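Tertiary structure, described
One letter stands for each residue in the lines below.
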Amino acid sequence: MKDAPTLRPAQTTQPGPPALQTLLAARWESAPGIPREALLRHLGDAPWRPIQTRPARTVYRAGDFFVKVYRFRGLLQRLKRKWRDSAVKEWNLSRQVFGCCRHTPEPAGLGLARDSSYFVNRSVAPCHTLGTFIDLKWEGLGRRQRYRLTDNFSAFMLAIFNCGLFQTDYNLGNLLIQDEAWKFFIIDMQAARIKKRGFLN
């Protein structure tokens with residue numbers, strides 16, 4: 001009997017991606033229109049490339065998706081997880097915002113394992129963080145292009161406002177802008193919350 005396939009190892013000294021068996025062992029919830037089996041098959045077949053690594057979280061690019069892997073080591077972290085699991089929070093907020101205004105990448109799945117949680121969303125590439133876009137492209141924009149970009153950003157903020165999302169961690173790294181269309185997306189909503197009637201209530 002052949003061994004079950006595993007994910008290709010990431011080229012990094014940081015913790016690598018989980019084996020396919022580990023992904024399959026997690027309890028998974030997938031978004032409507034994205035079958036769980038198809039999502040796991042895609043994650044299992046795609047190479048995983050690390051994008052950002054922190055002590056308790058690693059973000060990977062895996063084919064058409066981004067995967068945030070949160071790790072819970074030790075009894076204290078597992079106890080804290082009962083009250084705050086960032087993957088669960090971002091999954092819930094992303095579904096609400098995506099259903100309201102589409103200004104966040106499509107949430108694809110949530111996986112819960114004993115020592116880790118997985119939040120998966122679809123890539124909106126080609127895109128840049130807003131900080132990178134300003135560094136690379138702002139100076140080359142004409143007056144009308146800057147007006148258009150400003151209008152798009154204003155419409156984005158109004159849409160987020162109307163969805164009731166209150167983000168306490170806005171920065172140039174957690175806003176994405178899609179190339180050509182100049183559509184804005186919010187990511188990294190671990191510090192955000194939904195308020196009933198927008199920011200002012």
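Right above here is the structure, for reference.
Attention here is on the structure that accompanies the text.

Quick notes on the rules
- Residues numbered from 1 in each chain as written.
- Predicted model: local features only at pLDDT ≥ 70, side-chain atom pairs only at ≥ 80, totals over all residues.
- Heavy atoms only, no water.
- Helix = DSSP H or I, 4+ residues; strand = E, 2+ residues; numbered from the N terminus.
- Buried < 20%, exposed > 50% of the residue type's maximum accessible area, 1.4 Å probe, protein only.
- Contact = heavy atoms within 4.5 Å.
- Disulfide = S-S within 2.5 Å.
- Phe/Tyr/Trp six-rings, centres within 6.5 Å; stacked < 30°, edge-to-face > 60°.
- Core = buried A, V, L, I, M, F, W, Y, C linked by side-chain atoms within 4.5 Å.
- Pairing = 2+ DSSP bridges.
- Axes fitted to C-alpha atoms, helices over the stretch in contact; angles between N-to-C directions.

**A short note on the side chain of Asn121**
Counting through the fold element by element, Asn121 comes out in strand S6 (residues 116-122). When its relative accessible area of 11% is taken as the criterion, Asn121 is described as buried. Once you skip the residues sitting within four places of it in the chain, Asn121 turns out to touch Asp64, Phe65, Phe66, Pro105, Glu106, Pro107 and Ala108.

**Concerning the state of the cysteines**
With the rule as written, the count across this model stands at one disulfide. Note that Cys100 is cross-linked by a disulfide to Cys163, the S-S spacing being 2.1 Å. Looking down the S-S bond of the Cys100 and Cys163 bridge, the torsion is -100°, so its handedness is left-handed. With Cys100 in helix H4 (residues 86-101) and Cys163 in helix H6 (residues 143-163), the pair connects residues that are 63 residues apart, well separated along the chain.

**Quick look at the packing of aromatic side chains**
This model, assessed by the stated rule, comprises six aromatic pairs. Between Phe153 and Phe184, the aromatic rings sit 5.2 Å apart at their centres with planes inclined by 75°, giving edge-to-face as the arrangement. A residue pair is termed long-range when its members are at least 10 positions apart, and Phe153 in helix H6 and Phe184 in strand S10 (residues 184-186) qualify at 31 residues. An aromatic cluster is present here, built from Phe153, Phe156 and Phe184 joined pairwise through their rings.

**Quick look at the nonpolar core**
Grouped together as the largest cluster of nonpolar side chains are 27 residues, with contacts concentrated most on Trp28 and Leu43. Counting only elements with at least two residues in this core, the list comes to helix H1 (20-25), helix H2 (36-45), strand S3 (57-62), strand S4 (65-71), H4, strand S5 (107-112) and S6. Filtering out sequence-adjacent residues up to four positions away, Trp28 remains in contact with Leu23, Arg36, Leu39, Leu40, Leu43, Gly109, Leu110, Gly111, Tyr118 and Val120. Counting residues in hydrophobic clusters, the runner-up holds 19 residues, among them Val97, Leu149, Ala159 and Phe184.

**Digging into the sheet that holds S3**
Neighbouring strands of a sheet are bound in pairs by backbone hydrogen bonds; such pairs are parallel or else antiparallel. If you walk across this open sheet you meet the six strands as S1-S5-S6-S4-S3-S2, and the pairing is antiparallel. Each of the sheet's edge strands pairs with one partner strand only, and the pair in question is strand S1 (27-30) and strand S2 (48-54). Each neighbouring strand pair of the sheet contributes to a mean axis angle of 15°, computed without reference to strand direction. Pairing of S1 with S5 involves four bridges; the strand directions are antiparallel. Within S5, the residue paired with Ser30 across the bridge is Gly109. Packing of H2 onto the sheet brings it into contact with S1, S2, S3, S4, S5 and S6, and relative to S1 it is tilted by some 110°. Contacts between H4 and the sheet are confined to S1, S4, S5 and S6, with S5 contributing the most and set at about 160° to the helix.

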